[in-house]
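As a plain string of letters, each chain reads:
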Amino acid sequence: MKTILTKSSKFGVVAGIILIFSEMINLSSTLAEILEKLFTGGIATKDVIIPFYMGLVTGLIVFFTTFAFLKKQKSDRKNSFLHGLAAAIIISLVSGSLISVLNIILGSYLEKGKDVRVYLEALSPDVIRAFLFQTDVRHAVMNYFLSTFLGSMTALILFWLSQKTNQPAKTIRGLARLKEKIQVGRIFERYPAVKTISILLVIIAILTLPLIVNAYTISVLGIVLIYAIMGLGLNLIVGLSGQLVFGYVAFFALGAYTFGLLTAPKPFGIEMNFWLALLISLVVAGIGGFLIGLPIMNLRGDYLAIVTLGFAEIVRILINSNLMADYTGGPQGIKNIGQPIQPSIFERYFGKPLEDNVWFLYLIIFVFLLILYAAFRLQYSRTGRSWEAMREDETVAQACGVTTSSYKVLAIVIGAAIAGAAGALYASRNTYTGPSEYAFMVSVNALAVVVVGGMGSIPGTLLGAFIIKGLPELLRDLENYRMVVFGALLIVMMIIRPEGIWPVKRRKLSVAPESIEVLKEDLKP
Amino acid sequence: MYFEIKDLQVYYRAIHALKGISLTVNKGEIVALIGGNGAGKSSTLNSISGLVQGQSGIIIYKDEEITGLPTDMIVKKGIIQVPEGRHIFPKLTVQENLEMGAFLNDNKAQMEEDMEHVYQLFPRMKERRTQPGGTLSGGEQQMLAIGRGLMGHPDLMLLDEPSMGLAPILVEQIFDIIFDINQTGTSILLVEQNAQMALAIADRGFVLETGEIVVSGTGQELLNDPKVQAAYLGGESEQEKLQKGDYYF
Ligand SMILES: Nc1ncnc2c1ncn2[C@@H]1O[C@H](COP(=O)(O)OP(=O)(O)O)[C@@H](O)[C@H]1O
Ligand SMILES: [Mg+2]
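Residue and element names in this part refer to chain B. The strand order across the open sheet formed by 6 strands is β6-β7-β8-β3-β9-β10, and the pairing between neighbours is mixed. Every interior strand has two partners, whereas the edge strands, β6 (79–82) and β10 (212–218), have only one. The mean angle between the axes of side-by-side strands here comes to 15 degrees, regardless of whether they run parallel or antiparallel. The pairing of strand β9 (residues 204–209) with β10 spans 6 bridges and is antiparallel. Note on β10: the bridge partner recorded for Glu209 is Glu212. Packing of helix α1 (residues 41–49) onto the sheet brings it into contact with β3 (30–35), β6, β7 (156–160), β8 (187–192) and β9, and relative to β7 it is tilted by some 145 degrees.

Laid out in structure tokens, this is it:
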């Protein structure tokens, strides 16, 4: 009992120090802010954090500490529920007291009207108020004890439950086995209706999404989907056909500028219909891909990487130059790019027209779904298979009768056309496009989308788009930590899942060691 | 004429890899092309199948000149090459590998028949059909490569060193299978360094040295030819090689 007391109070101190530290560096309140933004209307401004989310963050930190403690204890010896309960209470009390001391000090200074910022530069009065749960010191202390206690108890209960169901590892294994048994794919095969219904449900979910999220999320979703479209295109070239492209942004820019020039009042004043312009942008980018693909189609090795890299720079410099300013707008770019007119169905259904950003998100979703469908069809077609074969072994693919040179160019053309569509959407969404948007970084991000998700995997690409473009947006509130955290996350991901987060599935990867005898047996006619 | 090469020359820039070779394959024959490393064996097969372009000379197949045709045309005509070095598609499953072999075959029924035939020849492939090709053992990969060639429904099969790097026991099995394939009516041009085994099953043989054919004759004649014996049938025994660990399984 005594050891439990000392050990658990040690963990309580650790949890308390983590709490204090994360408050001091302003991490708790930014995390709380992010959570709040995710779940509420996103109206959060710096000085109003709903106390609930502060408590949630505090509770989570204590939760993890308690869980870690219980797990450690378990490996030491058998533990009764009472022991665990005592430990959890101690942890919550100790960490709660520690964090409360900090708050009493900070809070009473604030109540006396003293500017603590002089002493603690990182903390503004607003932040302190957040730590105080928007109340006074007394209530704040209560809140802290409540959240540390709840965090601790949740950990205890979850841990206890996992013990009851016979070791977490076993549970996980059981779940895995269950998953194997259920095998979504096979169910889909046997009951096509189930498949149709699930697809319908997903589509309905996607379609209702723009209506329920806030403007901020809509803008993040928009950019994520545009990158997802680009990722799908690049995945065809890099993931499937196995050719490396460094300058993918070139095709994106081609699409965006073609669209811009066709729909903006200046410089040409064509102001073409949205869909027609989208189609032309797609075709122009595809032609760009064809011209790039032609000279390298009979070469082997990563020439395409270098050629596209150069091409991207040429495109960027051209649209930026004053020489071409009469045709491309030069450094100023193109303004007032056209947007599609909202069809009247929406008005009829909803009583009033949708807001512009919501409507445009629907449009992006629509184009995205079209391209997603096309990508799926392509990947599992004869063409997709020959791309994969080419990626695996060019000589053998050729020996099988694949005309590798034309399939190479085909992959580039289709990938480029998809980037063109993404570019057109992007330009139309912003109603503006300029040379600064087509920096090398866009190519890097597009490539990262494909690699992080898992080369050649369509769901992986979508996940990659979310991680590369969505995550940094969510982390935006972490400001100074943002890129550090993002970088760290990427490194961790690549270490844990070097094949990408959602790699292509190829069933069993192990092979049983075999003896000559077995082989001999097998080979007997 | 079923298959004939006349005065075939291949250059790689300054390297004169084939200096005008001529050979014939009659319908239903196994013809062995023997030679050491760098003799030009692979270059010969690659120019037949169109993997190497820019050769001079004439290649005739079923009374038709096929010199310089692109590979897919050659494959369509029924000349299928199994490249050297157990080349397979490592990430595609065994079944997908085999399907790739029938890439130009639009006749689904025939493809399934060929697949059944391959699975009969190599029961192990059937067992492992959902497994990525790269996870097979060396011997199995060679069988997969041959199986993939068969999926192209070859009339004339070009085999490039099928026994390379395999244990003697596997080599024997592979040659048995080549013999079986030939028995079902497929003509075979077999490139080998393992002269002993190749000539034993070959109807006729040609010996290639630095881009020129130096000896030719029936399999038996070549096996008994003192020059061939000295150059290709001596040296390390298979047992010694095995002990040195030169083999993959
Ligand atoms: N792609 C190539 N480029 C340059 N030289 C080559 C190429 N392929 C083969 N060679 C050269 O041609 C000669 C014949 O090679 P190859 O036909 O592969 O011989 P083998 O198959 O009999 O070992 C060798 O000297 C080799 O170095
Ligand atoms: Mg060779």
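Text resumes after the structure shown.
This brings us to the site of ligand 1. All names here are of chain B. In the vicinity of ligand 1, the contacting residues are Tyr12, Ile15, Ala17, Gly36, Asn37, Gly38, Ala39, Gly40, Lys41, Ser42 and Ser43. Between ligand 1 and the protein, one listed contact pairs an oxygen atom with a backbone N or O atom of Lys41 at 2.8 Å. The side chain of Ser43 places a nitrogen or oxygen atom 2.5 Å from an oxygen atom of ligand 1. Taking 560 Å² as the accessible area of ligand 1 by itself, protein coverage stands at 61%.

Residues and elements named next belong to chain A. Helix length check: helix α19 (residues 404–430) (27 residues) gives 39 Å between terminal C-alpha atoms against 39 Å at 1.5 Å per residue, within 8%. The element α19 is extensively covered by neighbouring structure, given that 21 of its 27 residues are classed as buried. Within two residues after α19, Thr431 carries a phi angle of roughly 50 degrees, on the positive side.

Here the focus is the environment of Asp63(B). Residues and elements named next belong to chain B. Relative to the helices and strands, Asp63 is located in the loop between β4 (56–61) and β5 (64–65). Its relative accessible area of 64% is what places Asp63 among the exposed residues. Remark: the alpha-carbon pair of Asp63 and Met1, spanning 62 residues in sequence, is separated by 5.5 Å. A distance of 2.5 Å separates a polar side-chain atom of Asp63 from the backbone nitrogen of Met1.

Scoring rules and cut-offs
Residues numbered from 1 in each chain as written. Chains lettered and ligands numbered in written order. Predicted model: local features only at pLDDT ≥ 70, side-chain atom pairs only at ≥ 80, totals over all residues. Heavy atoms only, no water. Pairing = 2+ DSSP bridges. Helix = DSSP H or I, 4+ residues; strand = E, 2+ residues; numbered from the N terminus. Axes fitted to C-alpha atoms, helices over the stretch in contact; angles between N-to-C directions. Contact = heavy atoms within 4.5 Å. Near = heavy atom within 4 Å. Polar contact = N/O pair within 3.5 Å; in protein donor to acceptor, adjacent residues only side chain to side chain. Areas by Shrake-Rupley, 256 points an atom, 1.4 Å probe, with all protein chains shown as cover. Expected span 1.5 Å × (residues − 1). Buried < 20%, exposed > 50% of the residue type's maximum accessible area, 1.4 Å probe, protein only.

Note that all results are geometric; they support no functional claim without further evidence.
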